[in-house]
Each structure stands twice: as C-alpha cells, then as structure tokens.
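# Notes for the structure review
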Amino acid sequence: ACPCALGLATPTAVIVGTGKGAESGILIRDAATLERACQVDTIVFDKTGTLTRGKPEVTDIIPLSNPTSSDEIVKLAAAAEKRSEHHLSEAIVSKAKEMSISIPEIEDFTAIPGKGIEARYNGMAILVANRKLFSDKGIDITVAEERIRRLEGEGKTVVLVAANATVTGIIAIADTAKDFAAETVGQLKNLGKHVVMVTGDNRGSAESIARKLGIDHVLSEVLPQDKASEIKRLQEQGNVVAMVGDGINDAPALVQADVGIAIGSGTDIAIESGGVVLVKDDLRDVIHTLELSCYTMRKIRQNLFWAFFYNSIGIPIAAGILYPFTGFLLNPIIAGAAMAFSSVSVVTNSLSMRRYRL
C-alpha cells in the first residue's frame, strides 16, 4: 500500500492546470482559487473599464440658462474636473482641449466619491455632479429632468453643471462596450451562470447598457465603498460569486468575492487583489477560467480514482483474501509493479492536460 499516487493526484493536475492558464494569459494565484472557480454560479461585472472600454467621450452639451453657452459649460466643468482622476473627468477635460477652451485654475476643490466635484472659481460655487449630489444639496433640477431622462434612455451618463446653486447645463458622456462583452455574457448565461452588472451610474443609463449586453440584473448607483457589500449580500443569499473588475474601487469587492478576477489592463491595486489576472484584457477569458477550473477538477477526481483503485484491489489480495479459495498469494514483485504503475498512471493522466485547448 503506497500513498505516492494519492499524494501526486492533486498537485500534478494543479501544476499543469495553472501552467495551461498561464500559456493563455490567465494567471491563477493558487490551487484554492482554481478549485473555487468551478463552483461559481454568479458572475458580477464592473461596468466601466471592464464591460466597457473605460474611455468615455462627451456626446452632448446642453445649456439650460441664458446667456450660458456650450463653451462656458465645458469651461466650468473642465475647471472643476481638472484635478480629478475619474474617467468621466478625463472625458470632459479632453472635450475642452478639443474645443480649444482655456481651462482656468480653480480656487478650491473637493471630490465627493461616487457623486461629483465641488469647486470655486472667481468666487462662484461650481458643482459638477450626478443627480444624487444635487439632491443632497437641495438644488432643483426640474428644468433638466426631461432631457436627463432622454439622454439616460440612450445609455449615456449625465453630468449636471451648476453655478451658485443654479443648474446651468448638462454634459452627456457615453462609453462603448468592449469587444466580445455581449458574447461573453451570452455564453455565461448558456452555462447556467447568473450575470450581474454593478456600477455607480444612474439606473437609466446602467439598464440601457445592460440591455445591449443581455444582462438582466443591474446594481446601479452603487458607491465605490459599497461594491464589496453588494458582493457580500449575494454571498449571503447562498451564491458562489466571482467579481470581475479593473479599478481601484473594485479592489475591496475583488477580495470579498469567492473568486476575484482582475483585468490585466487595470490598476495595480486591482491586479494585486484578484485571485485570477486576465493578462490579455479579453472578456472571453472569464469563461476560459471557469472551464479550465472544471477541467482540472475532473482530472483530479480521475487521479484520485486511479490512486485508490490499485490499492483497493491490491491490498485485500496481498492480505490473502483469495488464498482460502485459490491458494493464490500476491508476489511482492507484482506489488512493486502496481505501486509504480499507479504513480505513473496518475502523472500521465495529469500530463495529458497539456493537450487541452482553451
């Protein structure tokens, strides 16, 4: 009775499995992550930078008060957003440069995570934010409601601009879906997985993007610090959750999830937080990760079967179970051959994984 094959059953399959993943640009940190990925039934995708390209562009500039012009709205918004690192800020600043607008320096700057920017320019209080912050400040946006609904219905993110607590304009920003995003969602649903999208965007804009991608469950207007709480809530409902993200604010959710999958083109913090890193920035690799995990687990079970098979037959025979009936006793030479063959069969079965194609 030799435990060699039993000891080789799992590590050999894990080593080959993680190696196959690395060859295809899927970096799996440890065996536990590789095992859990096969148990996942719910996939949560961050929207911006994960499902979408993360490089939004300004599509609409709508003045709401006279004599405010489009140039003035962009000038005020760009001045406030200049110091921000948010992806929407980059779109507004880029639009100002494209329109050859000189961006002035502001006197004060306060970023409110998940809501917007407060700033002062020439003694004027500027607010560039979503409707949630305007509501918190008690600023009436009735004059803009109809246009906001129309733009959000088109899948655009709406940024409101106010000067001295008066709404002066709307800036609409749109982001396009990544290649294979809709295809990936469709394949995951075909595999029986529940697909969820989480975003800080308003419900209208988020649901518009979700419809285009075929996602039925949307968690919208989720503040960065609340993403991990949403993952935990899904887990408390009995789901095994994988989180796919790329940004700094996705890091807590990636850690909270049963399997954190970081996009390789994302931030260093997200990459460090993920148990799986997709080097190629190809969403189809999410499916490949799950398939590789399940394939590896099948090989481990096969290895364990063969490791037990030889011993479960050989030990009773060696103990003389057939002797009273046939006079047969197992020769130690045969036992040695069985011991070697069990180890060789397990290693060979693991090495056969090298032919697997993702």
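This report concerns the structure included in the present document. Residue positions within a chain follow its written sequence, with the count starting from 1. The model is predicted, so local features are restricted to residues of pLDDT at least 70 and side-chain atom pairs to those at 80 or more, both for listing and for counting; the totals for chains, interfaces and linings are taken over all residues. Just so you know, side-chain values use all the structure's heavy atoms and leave hydrogens and water out.

### Considering empty space enclosed by the protein
Of the grid points, spaced at 1 Å and generated over the protein atoms alone, those admitting a 1.4 Å probe that cannot get out make up cavities, while open sets with protein on both sides within 12 Å along at least five of seven lines make up pockets; any residue with an atom within 4 Å of a point is treated as lining. Grid points are joined across faces, edges and corners, and a volume is the space filled by probe spheres set on the points. This model, assessed by the stated rule, comprises one cavity of 30 Å³ or more. By volume, the largest cavity amounts to about 80 Å³. Taken together, 13 residues line the largest cavity, and the ones lying closest to its centre are K47, T157, I173, D175 and D201. Listed by contribution, the elements that provide at least two residues to the lining of the largest cavity are α3 (47-51), α5 (87-98), β8 (166-174) and α9 (203-213). By the criteria applied, helices consist of DSSP H or I runs no shorter than four residues and strands consist of E runs no shorter than two, each listed in order from the N terminus.

### Details of helix α13 (residues 284-318)
The span expected for a helix works out to 1.5 Å for each residue beyond the first. An ideal rise of 1.5 Å per residue puts 51 Å on 35 residues; α13 measures up with 51 Å between its terminal C-alpha atoms. G320 sits one or two positions beyond α13 and adopts a positive phi of about 95°.

### Looking at the pattern of salt bridges
A pair is scored as a salt bridge if a Lys or Arg side-chain nitrogen falls within 4 Å of a carboxyl oxygen belonging to Asp or Glu. Across all of its chains, the model carries 21 salt bridges by this definition. E118 is the salt-bridge partner of K137, the closest N and O atoms lying 2.8 Å from each other. Here the residue K137 occupies a position in the loop between α6 (131-136) and α7 (145-153), and E118 occupies one in strand β5 (residues 116-121), the gap between them amounting to 19 residues. Accessibility expressed as a relative area gives 42% for K137, which makes it partly exposed. With a shortest N-O distance of 4.0 Å, K280 and D285 are connected by a salt bridge. Burial here depends on accessible area, computed with a 1.4 Å probe over protein chains only, as a share of the maximum for the residue type. Under 20% is buried, over 50% is exposed, and the range in between is partly exposed.

### Here we look at the packing of helix α1 (residues 4-23) against α13
Note on geometry: axes are lines fitted to C-alpha atoms, helical ones only across the stretch in contact, with angles between N-to-C directions running from 0 to 180 degrees. At a minimum axis separation of 9 Å, α1 and α13 run at an interaxial angle of 160°. Taken together, the axes of α1 and α13 are roughly antiparallel relative to one another. Between α1 and α13 lies a crossing whose hand is right-handed. Counting all contacts with α1, which are made through A5, L6, A9, T10, T12, A13, V14, G17, K20 and G21, the residues of α13 involved are L292, T296, K299, I300, N303, L304, A307 and F308. Each angle is binned into one of four classes, with values under 35 degrees roughly parallel, values over 145 roughly antiparallel, values of 65 to 115 roughly perpendicular, and all other values oblique. If you view the pair so one helix is near and one far, a crossing is left-handed when the near helix is turned anticlockwise from the far one by less than a right angle, and right-handed when it is turned clockwise. Any two residues having at least one pair of non-hydrogen atoms within 4.5 Å are treated as being in contact.

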